[in-house]
Amino acid sequence: MNKSKEHLQNFEVDKLTNSIENIVTGDSFPTDVTFLTNKDLKTITKKNGWSFNWKAELTQNERDVYKLTIVNNPTIIQGLVSLTIKPDYVFLNLLESAPFNIGQNKVYAGVPGNLVAFACKLSFGRGGDGFVSFQAKTKLIDHYVKTLGAMHAGGHLMVIDTLAAQKLIDKYFKS
Amino acid sequence: MGLIREPEDINLNIQSKPLTPEEEERLSQFIKQRKQEIEKKKHFAQQKLYGSRAAQR
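Positions within a chain are numbered from 1, following the residues in the order the chain's sequence is written. Starting at A for chains and at 1 for ligands, labels are handed out in the order in which the entities are written. Local features in this predicted model are restricted to residues whose pLDDT is 70 or higher, and side-chain atom pairs enter the listing and the counts only when it is 80 or higher, whereas totals over whole chains, interfaces and linings include all residues. By convention in this description, side-chain values take in all heavy atoms of the structure and omit both hydrogens and water.

**Some thoughts on the environment of Leu41(A)**
Residues and elements named next belong to chain A. Condition: Secondary structure is summarised from DSSP: a helix means a run of H or I of at least four residues, a strand means a run of E of at least two, and numbering begins at the N terminus for each. Think of it in three bands: with a 1.4 Å probe and only protein chains considered, a residue is buried below 20% of the maximum accessible area for its type, exposed above 50%, and partly exposed in between. In this description, contact between two residues means that some pair of their heavy atoms is separated by no more than 4.5 Å.
Within the secondary structure, Leu-41 is located in the loop between strand 2 (28-35) and helix 2 (54-58). Owing to a relative accessible area of 11%, Leu-41 belongs among the buried residues under this scheme. C-alpha of Leu-41 to C-alpha of Phe-124: the two residues are 83 residues apart in sequence and 29 Å apart in space. If we ignore the near neighbours within four places in the chain, the residues touching Leu-41 are Leu-36, Trp-54, Lys-55 and Leu-58.

Structure (structure tokens):
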């Protein structure tokens with residue numbers, strides 16, 4: 001971990017509480033967003049169904065990698081996000097739901113939106129005014145516009161602005 | 001509390017490629033412009049609010 005990451009360990013991200021919803025029961029579970037650690041990587045493997053190389057992601061100093069877990073169940077990772085803090089926005093490098101949260105048999109709903117809302121919150125806290133950017137597959141651009149309130153900035157670039165970011169935070173984070 | 005439900009048949013993973021210098025520039029310009037638009041909106045809304053308060057007095 002680099003120095004800025006060590007500094008961030010004291011940042012109160014673990015006190016931010018939001019929730020994901022069990023598909024079968026409809027119950028909501030409060031969640032934590034905290035830094036991914038090397039210890040976590042043992043289970044985050046392609047063999048276990050994860051698509052991206054999170055070990056490589058964790059070695060890149062300019063990137064911060066966070067995990068989403070259910071409160072009081074910190075060992076089961078529900079989703080991961082890698083982001084870079086830019087001077088005027090936060091850039092999402094990677095975002096992935098846990099293998100058991102993908103497709104028709106997923107266990108929990110709301111993981112991706114939850115992690116995007118977290119990125120918005122981080123952007124407000126780091127001088128980005130809530131702005132978050134990422135690249136979307138062509139077929140998902142409309143979906144992100146409708147569900148996240150994102151704006152299409154040309155090509156594959158998507159931008160979540162201050163207003164949309166605030167809506168996402170209001171939706172996911174208790175005050 | 002609302003949840004954003006992802007379509008069941010779509011995998012919503014995000015995998016951004018590193019931005020080219022041109023994309024970085026375009027993005028910064030886009031964000032700068034959008035921030036200015038939002039500031040204008042805020043300013044206009046504040047003026048409207050002050051105007052209505054003044055009219056009430």
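**Here's the deal with the packing of helix 3 (residues 111-125) of chain A against helix 5 (residues 162-172) of chain A**
All names here are of chain A. The test is simple: The angle between two axes is taken between their N-to-C directions and runs from 0 to 180 degrees, where each axis is a line fitted to C-alpha atoms and a helix contributes only its stretch in contact. Oblique is the label for any angle not covered by the other classes, which are roughly parallel (under 35 degrees), roughly antiparallel (over 145) and roughly perpendicular (65 to 115). Crossing handedness: left-handed means the near helix sits turned counterclockwise from the far one by under a right angle, and right-handed means the same turn made clockwise. Side-chain classes are defined by residue name, with Ala, Val, Leu, Ile, Met, Phe, Trp, Tyr, Cys and Pro counting as nonpolar, Asp, Glu, Lys and Arg as charged, and the others, Gly among them, as polar.
Interhelical geometry of helix 3 versus helix 5 gives an angle of 120 degrees and a closest axis separation of 9 Å. Classed by the angle they form, the pair helix 3 and helix 5 counts as oblique. Where helix 3 crosses over helix 5, the handedness of that crossing is left-handed. Each of Gly-113, Asn-114, Val-116, Ala-117, Cys-120, Lys-121 and Phe-124 in helix 3 lies in contact with helix 5, whose residues at this interface are Thr-162, Ala-165, Gln-166, Leu-168, Ile-169 and Tyr-172. Across the contact of helix 3 with helix 5, the residue classes tally to eight nonpolar, four polar and one charged.

**So, helix 4 (residues 141-148) of chain A**
Put simply, the rule reads: Picture the helix axis, draw a direction to every C-beta atom, and the arc is the one those directions span.
Looking at helix 4 of chain A, one finds that the buried residues are Ile141(A), His143(A), Tyr144(A) and Leu148(A). Seen from one end, helix 4 of chain A has its buried residues packed into an arc of 160 degrees, which puts them on one side. Projecting away from the buried face of helix 4 of chain A at angles above 90 degrees are the exposed residues Asp142(A) and Lys146(A). On its buried face, helix 4 of chain A sits against helix 3, strand 7 (132-135), strand 8 (151-152), strand 9 (157-160) and helix 5 of chain A together with strand 1 (14-15) of chain B. Positioned one or two residues after helix 4 of chain A, Gly149(A) has a phi angle of 75 degrees, which is positive.

**Considering the interface of chain A and chain B**
This is how the line gets drawn: A 1.4 Å probe defines the accessible area here, and the buried area is the portion of it lost by two parts on being joined, summed over both. Just to be clear on terms, a salt bridge is a Lys or Arg side-chain nitrogen sitting within 4 Å of an Asp or Glu carboxyl oxygen. Two N or O atoms form a polar contact when they lie within 3.5 Å of each other; inside protein one atom must be a possible hydrogen donor and the other a possible acceptor, and for residues adjacent in sequence the pair counts only when both atoms belong to side chains. Two strands are said to pair when DSSP picks up at least two bridges between them.
In this assembly, 52 residues from chain A lie in contact with 28 residues from chain B. Across the interface of chain A and chain B, roughly 3700 Å² is buried in total on both sides, 61% from carbon and sulfur atoms. Along the contact surface separating chain A from chain B lie three salt bridges. Glu24(B) is the partner of Lys86(A) in a salt bridge, and the nearest nitrogen-oxygen pair spans 3.2 Å. Here chain A and chain B share 11 residue pairs in polar contact (both at pLDDT 80 or more) between them. Counting residues per element, the side of chain A that touches chain B draws most heavily on strand 5 (residues 90-97) of chain A, which supplies seven residues. In terms of strand pairing, strand 5 of chain A meets strand 1 of chain B through two bridges, oriented antiparallel. Pairing of Leu94(A) across the sheet is with Gln15(B), part of strand 1 of chain B.

**Overview of the packing of aromatic side chains**
Here a ring pair, both rings aromatic, is described through the centre-centre distance and the interplanar angle of the planes. All names here are of chain A. Stated precisely, the cut-off is as follows: Aromatic contacts are taken between Phe, Tyr and Trp rings whose centres are within 6.5 Å, Trp giving its six-membered ring; a plane angle under 30 degrees counts as stacked, one over 60 as edge-to-face, and the others as tilted.
Using the criterion set out here, one finds five aromatic pairs over all chains in the structure. With 5.8 Å between their ring centres and 85 degrees between their planes, Phe-29 and Tyr-108 make a pair best called edge-to-face. Here Tyr-108 lies in strand 6 (residues 108-109) and Phe-29 lies in strand 2, a separation of 79 residues in the sequence. Note on Phe-29: relative accessible area 28%, which makes it partly exposed.

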